[in-house]
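Residue-level listing of the chains:
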Amino acid sequence: MKLKLAAAMLAASLPLASMAFAQGTAPADLAVIDACLKTAEKAGGFGSACVGLVADPCIKAAEGANDDVAKWKACAARELAVWTQKTSEALKKVQAGGFADVIKAANDSQKTFAASRDRLCAAFDQVDPGMYGAARATAACVRPRTAR
C-alpha cells in the first residue's frame, strides 16, 4: 500500500510531454515497468529504480548505428510514453478522491513540472543540435527529472 501511494505520487510528478503522447505506449514496455513497480512494492521500495528500464537498454543497443541519435530520441520517447500513461492513471485516481484542493494542486504541479522539464532539457539539444553529445545530454536530462 505504501508503494502504491508512493508510485502514484511519483507518477503524478512525471511529465505529460507531447512526444510521449505521439509515441503511444508499447504493451511490452508497460509490462517491464509494471513488473518492476510490483517488485518494488513487495520489497517496500519506492520504484524510482524502474525509471530507465525501457530507454537504457534501447539506447545501448542503438550505439554505433548510423542513425543512433534518432534512435536515442525514440528510446527516450518510449520510456516517456510509459511514464506519461502511469501519470495519467495516477491523476485519475487523485481526481476520483474528490478533494478539490488536492486535485487542483496535483494538476497544477504536473503542468508546471512538465513545462519546466521541457524548457530545461530542450536547452541541451541547442548546444550541439542533432549531434551525438546533445542527444545523449537531452536524454540524460529527462531521466532524472522523471525519477523525481
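Data block above holds the structure.
From a predicted model like this one, the values you see are computed outputs, not experimental measurements.

Across its full length, the chain carries seven helices and zero strands. Secondary structure elements in the chain, listed N-terminal to C-terminal, are α-α-α-α-α-α-α. For the chain, the proportion of its 148 residues judged to be buried stands at 38%. Counting only contacts in the chain whose residues sit at least 6 apart along the sequence, the fraction spanning at least 24 positions is 74%. Summing over all exposed atoms, the chain offers an accessible surface of approximately 8300 Å²; the carbon and sulfur share of this is 63%.

All right, on to the state of the cysteines then. One pass over the structure, following the stated rule, counts two disulfides. Covalent S-S linkage joins Cys36 and Cys50, the inter-sulfur distance amounting to 2.0 Å. The sign of the S-S torsion, about -85°, decides the handedness of the disulfide formed by Cys36 and Cys50: left-handed. One end of the pair, Cys36, is in helix 3 (residues 27–42); the other, Cys50, is in the loop between helix 3 and helix 4 (55–62), and 14 residues separate them in sequence. Looking at Cys50, the relative accessible area reads 1%, which means it is buried. One disulfide bridge connects Cys58 with Cys75, the sulfur atoms lying 1.9 Å from each other. One disulfide, between Cys58 and Cys75, carries an S-S torsion of -70° and so falls in the left-handed class. Taken together, the residues span a long stretch of sequence, with Cys58 in helix 4 and Cys75 in helix 5 (residues 68–96) at a distance of 17 residues. On the basis of relative accessibility, which here comes to 19%, the residue Cys58 falls in the buried class.

Let us look at the pattern of salt bridges. For the coordinates displayed, the defined rule picks out five salt bridges. For Asp67, the salt bridge is made with Lys71, and the minimal N-O distance between the two is 3.4 Å. Taking relative accessible area as the criterion, Asp67 reaches 39% and is therefore assigned partly exposed. Note that Lys86 and Glu89 form a salt bridge whose closest N and O atoms lie 3.7 Å from each other. Taken as a pair, Lys86 and Glu89 lie in helix 5 at a separation of three residues, close to a single helical turn. Glu89 sits in the partly exposed class, given a relative accessible area of 33%.

Moving on: helix 5. Across its 29 residues, helix 5 extends 42 Å between first and last C-alpha, which sits within 8% of the 42 Å expected from 1.5 Å per residue. One or two positions beyond helix 5, positive phi appears at Gly98, with a value near 80°.

Turning our eyes to something else, we now look at the nonpolar core. A general tendency of soluble globular proteins is for nonpolar side chains to be buried together. Counting residues in each nonpolar core, the largest one holds nine residues, listed as Leu30, Ile33, Cys36, Leu37, Cys50, Val51, Val54, Val82 and Trp83. Elements with a contribution of two residues or more to this core: helix 3 and helix 5. Excluding anything up to four places from it in sequence, Leu30 contacts Thr25, Val82, Gln85 and Lys86. Formed by seven residues, the second largest nonpolar core is a distinct cluster that contains Ala55, Ala62, Val69 and Cys75.

About the thresholds
Position numbers for residues start from 1 in each chain and track the written sequence from start to end. Reporting of local features is limited, given that this is a predicted model, to residues whose pLDDT is at least 70; pairs of side-chain atoms are given and counted only at 80 or more, and all residues count toward the totals for whole chains, interfaces and linings. Calculated side-chain values reflect all of the structure's heavy atoms, with hydrogen atoms and water omitted. A run of DSSP states H or I qualifies as a helix once it reaches four residues; a run of E qualifies as a strand once it reaches two. Both are numbered from the N-terminal end. Partly exposed describes any residue whose relative accessible area lies between the buried limit of under 20% and the exposed limit of over 50%, with all areas from a 1.4 Å probe on protein chains only and scaled to the type maximum. Residue contacts are counted whenever heavy atoms from the two residues lie within 4.5 Å of one another. Per-residue accessibility takes into account occlusion by the displayed protein chains alone, with areas from the Shrake-Rupley method and a 1.4 Å probe. Cysteine sulfurs are considered disulfide-paired once they come within 2.5 Å of each other. Here, a salt bridge means any side-chain nitrogen of Lys or Arg that lies within 4 Å of a carboxyl oxygen of Asp or Glu. In this scheme, a helix's expected span is set at 1.5 Å multiplied by one less than its residue total. To qualify as a nonpolar core, a set must consist of buried Ala, Val, Leu, Ile, Met, Phe, Trp, Tyr and Cys residues joined through side-chain atoms within 4.5 Å.

Geometric descriptors of this kind do not, in isolation, establish any biological role.
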